[in-house]
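# Observations on chain architecture
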Amino acid sequence: MTPPTEIDTPAFFADQHAYYSRLRESPGPRLVRNPQGLDYWLITRHADARAVLLDPRFSKDPRLAEEALSSAGYGVSGADSFFLPLVNSDPPDHTRLRRLISGAFTPRRVEELRPRVERLTRELLDAVPDEDAVDLMTALAFPLPVLVISELLGVPHRSRGALLTWATRMLTISGNGSGPAERTRRLHRWFASLVAAKRAHVRTDLLQEEQPDLLAALVVAHDRGQRLDDEELVGLLVLLLVAGHETTTGMIGNAVEALLRHPDQLALLRDRPELLPSAVDELLRYEASLARTTLRVAREDVRVAGTVIPAGSVVSVALSAANRDPEVFPEPDRLDLTRARGPHLSFGHGIHFCLGAPLARLQTETVLAVLLDRCPELAAADPSAPPLWRPVGDMRGLLTLPVRLRPAARTRP
């Protein structure tokens, strides 16, 4: 067998899309090895990606590959687990958990949040110091999703600063003396205390309200025995913060960065704001914030595009690679806001299609609309500087995004 291709290396992070393009040249899946020493099969072509994401023979239960994952440092069960319910579960558990929170993400409920999301966006921009250059990630892309999640959950205002702190810790790569597993455990404990505080005030008659906040509804569902145990309840809250925040932060930053790197497309969007909804789709295809799916495990030998993936093997789908497959998207490396909406996979596919996709899309669309309205001179602080990407293989997001929200101050003679 051909040795695994090294991935998430400095060469990979130097030009992710070129790296994926080379991997995509080979038919079928590619066996890769990450820096933790985990060997897994990577799916890079669009047709193969859709097929794998729909195939129930690929399980989301990490316990099916516990030995391989544990030897590479991935906690699989108990306190050391990196894996979250709903994302890493199969039917019927996945179906049950998804149903419990799906009501918070219906098109109607999400659309009702639009005025609040717009107001939060404008308030964050109002708070930006009057400086020539600001980091849009710190000022807007990072805090906005946390504030929106707080609104959705019904987190008390006094606790929202703490939630923002936890979001910061979860996205920190290093420097605080704790790894991802320890940060996840601490976040579990924080959410457990939040649940206890909510339970002390919640009343079962909340179910009579038309729209109880999601946290209250989950607490009531738990306490009424609706097949939701303590671990699952807290795990769902952790999932909403970790998955919903990081991906949306990345989406916002990636979209703005792509427009700034393509001034012709930014100008087009200014001239034709009616393109905004479809433009968001193209921006999502061009630079997905979830670059690779969470891991799956083959329940049995599965043939994918002529290659047999053995039972027990770990598999991931490179959504970023599939989104630039020239078999599906002509000139895939070109950003074209007039491109007909295509079947991009930025939110996944099948039963694990991102439940929060409408809310993430709404936030990205709202941020772009407000920036176009408020900042007609929006520009990169240094157009010649390369983007600074977070060195995290499965996510695609910026460390910083220095921009000018208004024209640079002129120096007096």
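Just above sits the structure.
Our subject in this report is the structure included herewith. Here the structure is a predicted model, which means the values were calculated and not measured. (Residues numbered from 1 in each chain as written. Predicted model: local features only at pLDDT ≥ 70, side-chain atom pairs only at ≥ 80, totals over all residues. Heavy atoms only, no water.)

### Side note on the sheet that holds strand E4 (residues 58-59)
Taken together, the 6 strands give an open sheet; going across it, the order is E1-E2-E3-E9-E6-E4, and neighbouring strands pair in mixed fashion. Two strands lie at the open edges of the sheet, namely strand E1 (5-6) and E4, each paired on one side alone. Here helix H3 (residues 46-54) sits on the sheet and contacts strand E3 (39-43), E4, strand E6 (296-298) and strand E9 (314-317); the angle it forms with E9, its principal contact strand, is near 125 degrees. (Pairing = 2+ DSSP bridges. Helix = DSSP H or I, 4+ residues; strand = E, 2+ residues; numbered from the N terminus. Contact = heavy atoms within 4.5 Å. Axes fitted to C-alpha atoms, helices over the stretch in contact; angles between N-to-C directions.)

### Topic: the pairing of strand E2 (residues 30-33)
Looking at chain direction, E1 and E2 are connected through 2 bridges and run parallel. Each residue of the ladder has a partner; that of Thr 5, found in E2, is Val 32. Across 4 bridges, the pairing between E2 and E3 is antiparallel. Note that in E3 the partner of Arg 33 across the bridge is Asp 39.

### Quick look at the packing of aromatic side chains
Following the criterion strictly, the structure yields 5 aromatic pairs and no others. For the pair Phe 12 and Tyr 20, a centre-to-centre distance of 5.4 Å together with 85 degrees between the ring planes defines the contact as edge-to-face. An identical accessibility class is assigned to Phe 12 and Tyr 20; each is buried. With a centroid separation of 5.2 Å and 75 degrees between ring planes, the pair formed by Trp 190 and Phe 191 is classed as edge-to-face. A network of ring pairs unites the aromatic residues Phe 12, Phe 13, Tyr 19 and Tyr 20 as a single cluster. A cation sits over an aromatic face here: Arg 285 above Phe 329, 5.4 Å from the ring centre. Across the ring face of Trp 389, the terminal group of Arg 396 is positioned such that the distance to the ring centre comes to 3.7 Å. (Phe/Tyr/Trp six-rings, centres within 6.5 Å; stacked < 30°, edge-to-face > 60°. Buried < 20%, exposed > 50% of the residue type's maximum accessible area, 1.4 Å probe, protein only. Lys NZ or Arg CZ within 6 Å of the ring centre and 35° of its normal.)

### Details of helix H17 (residues 357-374)
Between the first and last C-alpha of H17 there are 26 Å, a value that for 18 residues agrees with the 26 Å anticipated at 1.5 Å per step. Within H17, burial applies to Ala 357, Leu 359, Ala 360, Leu 362, Gln 363, Thr 364, Glu 365, Thr 366, Val 367, Leu 368, Val 370 and Leu 371. Looking at the buried positions of H17, the neighbouring elements they touch are helix H6 (107-112), helix H7 (114-126), helix H8 (136-141), helix H9 (143-153), helix H13 (230-261) and helix H15 (276-286). (Expected span 1.5 Å × (residues − 1).)

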